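# Understanding the architecture of this molecule
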Amino acid sequence: NADAAMYQAKEDGRNTFRFYTEDLTRRAQQRLRMESSLRQALNNDEFILHYQPLVGTERCKGVEALLRWDDPKNGLVAPMEFIPLAEDTRMIIPLGEWVLRTACTQMKVWMEAGLPLGTLAVNLSPVQFRQPDIAQRIADILAETGLPAAHLELEITESTIMEQGQEAEAKLAALHSLGIRLAIDDFGTGYSSLAYLKRFPIHTLKIDQSFVRDIPGNPAAMEIAATIIAMAKNLSLEVLAEGVETAAQFDFLKSRGCDTFQGYLFSRPEPADVIPDALAQGLKQRIDPTLN
Ligand code: C2E
Ligand code: MG
Ligand code: MG
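Residues numbered from 1 in each chain as written. Chains lettered and ligands numbered in written order. Predicted model: local features only at pLDDT ≥ 70, side-chain atom pairs only at ≥ 80, totals over all residues. Heavy atoms only, no water.

### Re the overall build of the protein
What counts, and what does not: Here a strand is any run of E in DSSP of at least two residues, a helix any run of H or I of at least four, and the numbering for each starts at the N terminus. Using C-alpha atoms as the atom set, the radius of gyration is obtained and then compared with a globule rule of 2.2 Å times the number of residues to the power 0.38. For every residue, the accessible area (1.4 Å probe, protein chains only) is compared with the maximum for its type, and the residue is labelled buried under 20%, exposed over 50%, or partly exposed between those bounds. A contact between two residues is defined here by any heavy atoms of the two lying within 4.5 Å. The protein chains shown are the only cover counted for residues, whose accessible areas, like all others here, come from Shrake-Rupley with a 1.4 Å probe. Positive: Lys, Arg. Negative: Asp, Glu. His and the chain ends are not part of the count. Just so you know, the charge point we use is NZ for Lys, CZ for Arg, CG for Asp and CD for Glu.
The helix and strand inventory of the protein stands at 13 helices and 10 strands. Scaling as 2.2 N^0.38, a compact globule of 292 residues should have a C-alpha radius of gyration of about 19 Å, and the protein matches this with 20 Å. Along the first, second and third principal axes, the C-alpha atoms of the protein reach 65 × 40 × 40 Å. Looking at the 292 residues of the protein, the share that counts as buried comes to 45%. For the protein, contacts bridging at least 24 residues in sequence account for 64% of all contacts bridging at least 6. Of the roughly 14900 Å² of accessible surface on the protein, a fraction of 51% belongs to carbon and sulfur atoms. Here the protein holds 29 positive side-chain charges and 40 negative ones, and the gap between their average locations is 2 Å.

Next comes the structure, spelled out in C-alpha cells:
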C-alpha cells in the first residue's frame, strides 16, 4: 500500500506525498487488467487503422493513419484511452511498428491501384523516437513493405523533439536522409524554441485543433492560426489545419493562405476500404463547390 502511495506521489510530479487509499488499489488493478488486455490485443490482432484525408485546395494530398483498438468487449477504443499506457509499458514500440508496417502496406496498395494520394502520415510516439536506432527501424519497414520513402510523413510533436536536445538533431537528420518527410503535430501547444524550425529538416506544421476550434469566435485563436500560417510560408514549410469542422473555419484559414486541411468537414477517419470512395465522392465538392 505504501508502494502504491509512493507511485501516486511520483506520478503527481514527485517531491510531494500521497496517502494510501483503496482507490489506489482499484486503479492499480484496473491498470494491470488494461495492460494484459493490451498485450492480448496485440497478439490477437485486435488493432485496426482508420485513415483520414488530408485535403489540399485542389486535391486530396494524402491520408493520416489513426490507430483504434477493436476490443471484442467494448467495441472501438480511441487511441487516447490506451496509448499512454502502451507508452508507459513500452508496448508502443511493437504496436507503433505494426502501425507503420500496416499503413505502408496499405499505401502501397492504394498507389498501385492509381489512387491520387501523395503522402501517408503516421504518428510517431516519443517512446519510439527515443530509440537510438529509430531511423534504421523505419528504413527496414520501408524496405520490407516497398513503400518509397518520399510518400511517408512522420508526425512528431514539439515536445518529442525538445526533450531529446542534441540527439533529436542527429535522428531527424538520419530520417531526412532516408527521404522521409517530417511534420510537427499539434503545433503551437508545446513548450519549444522556434529555433528548431530552421535547424531541423521539417516539411509541415500541423496547426493544433485547439486554435481551429475557436475560429471564428475567438480573435486570439484566429491571430495565432494566421500567425502560424504566415510563419510557415516565410520558412517555406507546408501548413495544415487540424480539426476543421465548419465552412467558416475553412474559409478563414484558406483566406490566410493555409495549404492543407484535415477535419470532419471533409471526412472523418474511415476504414481503409471506404477511402477510395471517400476520395472520389465527397472531397471534390467540398474543396470547391463549383467543381460539381
Ligand atoms: P493527432 O495525430 O493530432 O490526430 C488528430 C485527431 O483529431 C484524431 O483523433 C482525429 O480523429 C481527430 N479529428 C480529426 N478531424 C477532427 C475534427 O474535425 N474535429 C475533431 N474534434 N477531431 C478531429 P484520434 O484518432 O482519436 O487520435 C488522437 C491522437 O492519438 C492523435 O492525435 C495522435 O496523437 C494519437 N494517435 C493516433 N494514432 C496513433 C498511432 O498510430 N501512434 C501514436 N503514437 N499515436 C497515435
Ligand atoms: Mg497526427
Ligand atoms: Mg494533432
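### Here's the deal with the coordination of the magnesium ion (ligand 3)
For a metal with four tetrahedral donors the ideal donor-metal-donor angle is 109.5 degrees, whereas six octahedral donors ideally subtend 90 or 180 degrees. What counts here: Nitrogen, oxygen and sulfur within 2.8 Å of a metal are treated as its donors, or within 3.2 Å for sodium, potassium and calcium (Na, K, Ca); water is not counted, so a site can appear incomplete.
Only Asp185 (OD), Asp186 (OD), Glu242 (OE) and Glu242 (OE) from the protein coordinate the magnesium ion (ligand 3), and they sit 2.0 to 2.4 Å from it. The sequence pattern formed by the donor residues of the magnesium ion (ligand 3) is D-D-x55-E. Here the magnesium ion (ligand 3) and the magnesium ion (ligand 2) are spaced 4.3 Å apart, linked through Asp185, which binds each one. Remark: Glu242 occurs in the loop between strand 8 (238-241) and helix 12 (247-255) and Asp186 occurs in strand 6 (residues 181-187); sequence separation between them is 56 residues. A relative accessible area of 7% means that Glu242 is categorised as buried.

### Notes on the pattern of salt bridges
What counts, and what does not: By salt bridge we mean one thing: a side-chain nitrogen of Lys or Arg within 4 Å of a carboxyl oxygen of Asp or Glu.
Following the criterion strictly, the structure yields 18 salt bridges and no others. The closest approach of N and O atoms between Arg130 and Glu163, which form a salt bridge, is 2.8 Å. Of this pair, Arg130 sits in the loop between helix 5 (126-129) and helix 6 (134-145) while Glu163 is found in the loop between helix 7 (158-162) and helix 8 (165-178), placing the two residues 33 residues apart along the sequence. For Glu163, a relative accessible area of 44% gives the class partly exposed. One salt bridge connects Lys233 with Asp259, and the closest N-O pair in it is separated by 3.0 Å. In this pair, Lys233 sits in helix 11 (residues 219-234) while Asp259 sits in the loop between helix 12 and strand 9 (260-261), placing the two residues 26 residues apart along the sequence.

### A word on the site of ligand 1
Rule in force here: When at least one non-hydrogen atom of a residue lies within 4 Å of a molecule or strand, that residue is treated as near it. For the purposes of these results, a polar contact is taken to be a pair of N or O atoms within 3.5 Å, where, inside protein, one atom must be able to donate a hydrogen and its partner to accept one; residues adjacent in sequence count only when each atom of the pair is a side-chain atom.
Near ligand 1 lie 22 residues; those nearest to it are Arg68, Asp185, Gln209, Glu245 and Tyr264. At 3.0 Å from a nitrogen atom of ligand 1 is found a side-chain nitrogen or oxygen belonging to Gln52. The side chain of Asp186 places a nitrogen or oxygen atom 3.2 Å from an oxygen atom of ligand 1. In isolation ligand 1 offers 800 Å² of accessible surface; the protein chains occlude 85% of this area.

### Here's the deal with the nonpolar core
Quick reminder of the rule: For our purposes a nonpolar core is just a set of buried Ala, Val, Leu, Ile, Met, Phe, Trp, Tyr and Cys residues, chained together by side-chain atoms within 4.5 Å.
The biggest cluster of nonpolar side chains holds 80 residues, and the ones touching the most others in it are Tyr51, Leu120, Ile138, Leu152, Leu154 and Leu253. The leading source of residues in this core is helix 4 (residues 92-112), at 9 residues.

### Concerning the pairing of strand 4 (residues 119-123)
Note the cut-off: Being paired, for any two strands, means DSSP has found at least two bridges between them.
Among the 5 residues that make up strand 4, 4 are buried, leaving the element largely enclosed by the rest of the structure. Where strand 2 (residues 60-71) lies against strand 4, 4 bridges are found, and the strand directions are parallel. Paired with Gly62 across the bridge in strand 4 is Thr119. Relative to strand 5 (residues 152-157), strand 4 runs parallel, the two sharing 4 bridges.

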